[in-house]
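# Understanding the architecture of this molecule
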Protein chains: 2
Amino acid sequence: MKIENIRPGEIESRSFEIITELLGDKKLDPRYESVIKRCIHTSADFDYADNLYFTDGVIETIQEAIKSGAYIVTDTQMARAGINKRRIEKYGGQVLCFIGDDDVAAEAKARGVTRSFVSMEKASRLDRPVIFAIGNAPTALLSIYDLVKAGKLSPAAVVGVPVGFVNVVESKERLIELGVPAIVAKGRKGGSNIAAAIINAIQYKIEE
Amino acid sequence: MKIENIRPGEIESRSFEIITELLGDKKLDPRYESVIKRCIHTSADFDYADNLYFTDGVIETIQEAIKSGAYIVTDTQMARAGINKRRIEKYGGQVLCFIGDDDVAAEAKARGVTRSFVSMEKASRLDRPVIFAIGNAPTALLSIYDLVKAGKLSPAAVVGVPVGFVNVVESKERLIELGVPAIVAKGRKGGSNIAAAIINAIQYKIEE
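Below, the structure is looked at part by part. (Residues numbered from 1 in each chain as written. Chains lettered and ligands numbered in written order. Predicted model: local features only at pLDDT ≥ 70, side-chain atom pairs only at ≥ 80, totals over all residues. Heavy atoms only, no water.)

All right, on to the sheet that holds strand 3 (residues 95-97) of chain B then. Strand pairing in a sheet takes place through backbone hydrogen bonds and is either antiparallel or parallel in direction. Residue and element names in this part refer to chain B. Strands sit in the order 1-6-5-4-2-3 across an open sheet of six strands; the sheet is mixed. Every interior strand has two partners, whereas the edge strands, strand 1 (52-54) and strand 3, have only one. Within this sheet the neighbouring strands show an average axis-to-axis angle of 15°, counted without direction. Two elements, strand 4 (residues 130-134) and strand 5 (residues 157-160), share four bridges in a ladder whose sense is parallel. Bridge pairing in strand 5 places Phe132 opposite Val158. (Pairing = 2+ DSSP bridges. Helix = DSSP H or I, 4+ residues; strand = E, 2+ residues; numbered from the N terminus. Axes fitted to C-alpha atoms, helices over the stretch in contact; angles between N-to-C directions.)

Following this line, the structure appears as C-alpha cells:
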C-alpha cells in the first residue's frame, strides 16, 4: 500500500475529512459534532457517533469554566497526560490527578474503597470549580454521586466516560440521574483517551 | 440498575471473568490471550479479539528484554503514563518519550516532518535495547521502518498500534513487512491506551 504524502500540519484535518466521509449520511448534532468526531479520531471506533449523551448547554458550561480558571480533575495519569494544558493554564487552571497520592492510597486501603473513590473526595475539597474527566474508574463516578447527594460537591461539569465491565454502565446511569452538567458515553465504552479527547475538543473551540 | 458490591482488589479479576463470558465460544490463542483480553479490558471493544497480529515468540522476546533492562519508548506521554513502571524500573529499564523535547520539536520543524518521526530517531541513538510502544503516530512507525532499513536501528520489539485514518493501515503493513519482533493491531484501531495495555499485559506475566 502506498503512503500518502502529507505535511505534518495537515494530518489532523485530513483525518477529520476522512471521518466525515466515513460517517456518510449519518447526521450529527452540530452542537456536539467536534466532540463526537474527536472521540472517533482517538479510537477509530464509530460507536461514538451514537453513544454520547450531553446535557443541554454542557459545551458552553465547560468552556466558560475553563475561561474562569476551573481545575480539570482526572481519575488517571493517562487522561491527565492526554489533555492539552496550554489554554487551561493560560486561563489560570490546572489539570490535576490525585490517584497516585500517598494520602489517597492510605485512606483507600484503610476504608476498603478504591483510590479512585478517595481521589474524588480529595478533589471535592479544592478551592475552585472543578470539571471532572473520568475515563477509567466507575468508582470515581460513584464517589462524585455520593458527594453531590451529600451536598459536599457541586461540579462545574462531569465528563463521565469510564470503560469496562463492573459497575460501568450503572455508574453512568447514576451520573445522568444526578442532573449536573455532563457528557457520558453510554454503555461499556470509554477510556482515558476518550476523556482527554472530549476535554480537548471542547477547549479547542474556545475563541482566543 | 443495581451497583455490584465488590472489593477494590477484585474488580479487575471480575472484569476479566465477564470478558471471558462475553467472548463465549470464541477461541483465543493461549499464548496471546492475556494481551488480547487486556486490550478489550481497556477499550470494551471486542474487535481486539480479531485484529491483533503477533510475530512468533514476541511475548517471550519482550519479557526477556524487560528483564535485561531494556528501555520502553513511546510516541505519546499518554502511553508513557499508562505503562506500569515498577517492574520495568526494577530490572533497570525506563519508560521514555521524547515527543515533547525541544530538540525534537526544532528538528521536526526544520525538516518538515512530524515530531513523532524525529523522536524515533532520537530513540535509535539510545545505548541499550529498546521496545517501542507506538499507539498514536503512524509516522513513528514509518520512522522506525526507515531506521531499520538503513541499518541504524535494531529494535528489541515494536508494539505498533497507532490509531487513525491517515497512513495508519499502511504503516502497520510496513511494520509487519519489516520482520522484526512485533505486535500489531491491524486496521485503523489502536491507541495510546492499547499500546500501554499490551506492554502491561506482557510484563504482568513475568514471574518475579
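Moving on, we get to the interface of chain B and chain A. Counting residues at the interface gives 44 residues for chain B and 44 residues for chain A. Across the interface of chain B and chain A, roughly 3,400 Å² is buried in total on both sides, 72% from carbon and sulfur atoms. Linking chain B with chain A are zero salt bridges, by the criterion used here. Our count for the contact surface shared by chain B and chain A stands at three residue pairs in polar contact (both at pLDDT 80 or more). For the side of chain B that touches chain A, the secondary structure elements donating two or more residues are helix 1 (11-23), helix 2 (33-43), helix 4 (77-82), helix 8 (138-149), helix 9 (168-178) and helix 10 (192-204) of chain B. For the side of chain B that touches chain A, the element with the highest residue contribution is helix 1 of chain B, accounting for six residues. Looking at the side of chain B that touches chain A residue by residue, the classes come out as 20 nonpolar, 15 polar and nine charged. (Contact = heavy atoms within 4.5 Å. Buried area = accessible area lost by both parts, 1.4 Å probe. Salt bridge = Lys/Arg side-chain N within 4 Å of Asp/Glu carboxyl O. Polar contact = N/O pair within 3.5 Å; in protein donor to acceptor, adjacent residues only side chain to side chain. Nonpolar A, V, L, I, M, F, W, Y, C, P; charged D, E, K, R; others polar.)

Moving on to the side chain of Ser119 of chain B. Mapped onto the elements of the fold, Ser119 of chain B is located in helix 7 (residues 115-124). Apart from the residues lying within four places of it in its own chain, the contact partners of Ser119 of chain B are Phe98, Ile99 and Val104 of chain B.

This paragraph deals with the packing of aromatic side chains. Any pair of aromatic rings gets described here by the distance separating the centres and the angle formed by the planes. Under the counting rule described, the total for this entry stands at four aromatic pairs over all chains. Judged by centre distance (6.1 Å) and plane angle (85°), the rings of Phe165 of chain A and Phe46 of chain B are edge-to-face. In this pair, Phe165 of chain A sits in the loop between strand 5 (157-160) and helix 9 (168-178) while Phe46 of chain B sits in the loop between helix 2 and strand 1, so the two residues belong to two different chains. For Phe165 of chain A, a relative accessible area of 10% gives the class buried. Over the aromatic face of Tyr71 of chain B sits the side chain of Arg128 of chain B, whose NZ or CZ is 4.6 Å from the ring centroid. Here the guanidinium or amino end of Arg174 of chain B rests over the ring plane of Tyr145 of chain B, the centre of that ring lying 4.9 Å away. (Phe/Tyr/Trp six-rings, centres within 6.5 Å; stacked < 30°, edge-to-face > 60°. Buried < 20%, exposed > 50% of the residue type's maximum accessible area, 1.4 Å probe, protein only. Lys NZ or Arg CZ within 6 Å of the ring centre and 35° of its normal.)

Glycine aside, a negative phi is what most residues show, and trans is what most peptide bonds show. In this structure, Asn167 of chain A is a non-glycine residue whose phi angle is positive, near 65°. The class of Asn167 of chain A is buried, set by a relative accessible area of 7%.

Before going further, it helps to examine the relation of the copies chain B and chain A. The transformation that overlays chain B on chain A combines an axial shift of 0.0 Å with a rotation of 180°, and the residual RMSD is 0.0 Å. Look at the turn and shift together and you get a two-fold axis relating the two. For chain B, the residue whose C-alpha comes nearest the rotation axis is Met78 of chain B, separated from it by 2.4 Å. Interface overlap between copies: 100% of the residues of chain B at the interface are likewise at the interface in chain A, consistent with a symmetric, same-surface contact. (Least-squares fit on C-alpha atoms with pLDDT ≥ 70 in both.)

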